[in-house]
Amino acid sequence: MTYQLSPILMRIIAACRQVTAEHGLQLVGAPIFLLAMLRDKDNRCVELLEACGIDTQRLSEIVSAPLAAMNDEATSVFSVSSNITPLAENGLSISLSSEGSRIMRLMLLEARQTGSKQADETHLFLAILRDSNNDARKILADMGITYSSVASMLKRQPDVTAGFTFTDDPAQGMTDDIAGVPDSDGTRTVTKDEKTSD
């Protein structure tokens, strides 16, 4: 299945190239994804971290510190654009470490679990937290940010981009008249309670 990427996620992935260059790296892994996400600032994950009382500037500094001494791992390079259509169409491609490749696969699984055909920044963030072996996850866990806490917070947050859902069923335990649904002829039957409230 081909997944589309949200515009915010595409911005974050594009920022990964700049972050890797700044740190003298060539391959993208969890810390680079997290730094690019924090740099973007205009996304739900940063809002969520700030709502948890996390100083995102300080988090960026903590995540960046070990990157100075980090060497790119000598593993196969996975080109993201090969299986995610919008990246190829927009000329975006990044080279992933084995960790980065694993996180991208987890991100797509997160999108699939939510029934979404479009991966977004929350799926990437959850993938970083779900992956059991990356430094970004460990730093976030030390700050009290875990997969389960973020997943539950995201379930409580309404997704305003998803639109509204309506049901044509009357409210539970109510008849059409009480729920305010017009009769088949287009008129509305007034209930006894409504007559007395005037």
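Everything that follows concerns the structure shown earlier in this document.
Residues numbered from 1 in each chain as written. Predicted model: local features only at pLDDT ≥ 70, side-chain atom pairs only at ≥ 80, totals over all residues. Heavy atoms only, no water.

Draft legend 1. Just the overall build of the protein, in detail. Along its length, the protein carries eleven helices and four strands. In the protein, which comprises 198 residues, the proportion classed as buried is 39%. In the protein, of all internal contacts separated by at least 6 residues, the share reaching a separation of at least 24 is 62%. Total accessible area on the protein is roughly 11400 Å²; 51% of this is exposed by carbon and sulfur atoms. (Helix = DSSP H or I, 4+ residues; strand = E, 2+ residues; numbered from the N terminus. Buried < 20%, exposed > 50% of the residue type's maximum accessible area, 1.4 Å probe, protein only. Contact = heavy atoms within 4.5 Å. Areas by Shrake-Rupley, 256 points an atom, 1.4 Å probe, with all protein chains shown as cover.)

Draft legend 2. Representation of helix α1 (residues 7-22). Taking 1.5 Å as the rise per residue, α1 with 16 residues should run 22 Å; its terminal C-alpha atoms sit 23 Å apart, in good agreement. Every buried residue of α1 is listed here: Leu-9, Met-10, Ile-12, Ile-13, Ala-15, Cys-16, Val-19 and Thr-20. (Expected span 1.5 Å × (residues − 1).)

Draft legend 3. Broad picture of the packing of helix α7 (residues 121-130) against helix α9 (residues 147-156). It is at 9 Å that the axes of α7 and α9 come closest, and there the two elements cross at 155°. By the angle class used here, α7 and α9 are roughly antiparallel. In terms of crossing hand, the pair formed by α7 and α9 is left-handed. Contacts between α7 and α9 involve Thr-122, Phe-125, Leu-126, Leu-129 and Arg-130 from the former and Tyr-147, Val-150, Ala-151 and Leu-154 from the latter. Counted by class, the contact of α7 with α9 contains seven nonpolar, one polar and one charged residues. (Axes fitted to C-alpha atoms, helices over the stretch in contact; angles between N-to-C directions. Parallel < 35°, antiparallel > 145°, perpendicular 65-115°, else oblique. Left-handed = near helix turned anticlockwise from the far one by under 90°. Nonpolar A, V, L, I, M, F, W, Y, C, P; charged D, E, K, R; others polar.)

Draft legend 4. Spatial organisation of the nonpolar core. Core analysis: the biggest nonpolar cluster contains 50 residues, and Phe-33, Met-107, Leu-124, Phe-125 and Ile-128 have the highest contact counts within it. Ignoring anything within four residues of it in the chain, the contact list for Phe-33 reads Ile-12, Cys-16, Val-28, Ile-94, Leu-96, Gly-100, Ile-103, Met-104, Leu-124 and Ile-128. (Core = buried A, V, L, I, M, F, W, Y, C linked by side-chain atoms within 4.5 Å.)

Draft legend 5. Up close: the pattern of salt bridges. Here the structure, examined in full by the defined rule, presents seven salt bridges. In this structure, Arg-44 and Asp-120 form a salt bridge, with 3.3 Å as the shortest nitrogen-oxygen distance. Of the two residues, Arg-44 sits in helix α3 (residues 44-51) while Asp-120 sits in the loop between β4 (118-119) and α7, which places them 76 residues apart along the sequence. Taking relative accessible area as the criterion, Asp-120 reaches 13% and is therefore assigned buried. Note that Arg-44 and Glu-121 form a salt bridge whose closest N and O atoms lie 3.9 Å from each other. Placement of the pair is Arg-44 in helix α3 and Glu-121 in helix α7, with a sequence separation of 77 residues. Given the relative accessible area of 4%, Glu-121 is considered buried. Bridged by salt links that share partners, the residues Arg-44, Asp-120 and Glu-121 form one connected network. (Salt bridge = Lys/Arg side-chain N within 4 Å of Asp/Glu carboxyl O.)

Draft legend 6. Representation of helix α8 (residues 135-142). All buried positions along α8 are accounted for by Ala-136, Ile-139 and Leu-140. Seen end-on, α8 carries its buried residues on one side only, within an arc spanning 95°. Check the buried side of α8 and you find it contacts α2 (30-40), α3, α4 (56-64) and α7. Where α8 begins, the capping side chain belongs to Asn-134, and its oxygen is found 3.1 Å from the backbone nitrogen of Ala-136. (Arc of directions from axis to C-beta. Polar contact = N/O pair within 3.5 Å; in protein donor to acceptor, adjacent residues only side chain to side chain.)

Draft legend 7. Quick look at unusual backbone geometry. The phi torsion at Lys-41 lies on the positive side, around 60°, for a residue other than glycine. Along the chain, Lys-41 turns up in the loop between α2 and α3.

Draft legend 8. Up close: the environment of Asp-120. Separated by 113 residues in sequence, Asp-120 and Pro-7 place their C-alpha atoms 8.0 Å apart. Those residues within four positions of Asp-120 in sequence are excluded, and the remaining contacts are Ser-6, Leu-9 and Arg-44.

Draft legend 9. Fine view of a negative patch on the surface. Residues Asp-42, Glu-47, Glu-50 and Asp-55 make up a contiguous surface patch of negative charge. Within the fold, Asp-42 resides in the loop between α2 and α3. (Patch = residues over 30% accessible without salt bridge, like charges linked within 9 Å, V, L, I, M, F, W, Y side chains within 5 Å. Lys, Arg positive; Asp, Glu negative; His and termini not counted. Charge placed at Lys NZ, Arg CZ, Asp CG, Glu CD.)

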